[in-house]
Amino acid sequence: SGKAAINEKIFVGKWKSSKLETPVYLYDNGEWEIKLEEGGVLQYGVWEYKNNKIIWSYKIGSAIGHDADPVLSATAQEFQLQENDKTTTTFKRLE
């Protein structure tokens, strides 16, 4: 299986999610942002790749949430995650 070659670096970049119109940015310092082209940030948090999952942490109001989404596939140009509701979200690299 190709999963052995996956490491955190492959996920760093600007991505188009199949669930959102707005790009998702994953940074090598472990932060992520959903950011408008004009620069306004809609949502942000921290992420890590661990045990073949991307673990997203974010704040909504005063609560901190965590999502651990299994990585179904990952290449330099695209990766797929399984959401909590068992749907698949595809991320395509923008830059």
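Remember, predicted model here, so these are calculated numbers, not experimental data.

## A word on unusual backbone geometry
Logical step 1: In this structure, Asn51 is a non-glycine residue whose phi angle is positive, near 55 degrees.
Logical step 2: Tracing the backbone shows Asn51 in the loop between β4 (41-50) and β5 (53-60).
Logical step 3: A positive phi angle is found at Asn52, which is not glycine, with a value near 60 degrees.
Logical step 4: Using a relative accessible area of 24% as the deciding quantity, one classes Asn52 as partly exposed.

## Regarding the layout of surface pockets
Logical step 1: Reported here for the largest pocket is a volume of approximately 340 Å³.
Logical step 2: Surrounding the largest pocket, 16 residues form its lining, Lys19, Ile34, Gln43, Trp56 and Asp67 being those nearest its centre.
Logical step 3: Contributions of two or more residues to the lining of the largest pocket are made by β3 (31-35), β5, β6 (63-74) and β8 (88-93).
Logical step 4: Of the residues in the lining of the largest pocket, the class split is eight nonpolar, four polar and four charged.

Rules behind the numbers
Residues numbered from 1 in each chain as written. Predicted model: local features only at pLDDT ≥ 70, side-chain atom pairs only at ≥ 80, totals over all residues. Heavy atoms only, no water. Helix = DSSP H or I, 4+ residues; strand = E, 2+ residues; numbered from the N terminus. Buried < 20%, exposed > 50% of the residue type's maximum accessible area, 1.4 Å probe, protein only. 1 Å grid on protein atoms, 1.4 Å probe; cavity = no way out; pocket = protein on both sides within 12 Å on 5 of 7 lines; lining within 4 Å. Points joined across faces, edges and corners; volume = space filled by probe spheres on them. Nonpolar A, V, L, I, M, F, W, Y, C, P; charged D, E, K, R; others polar.

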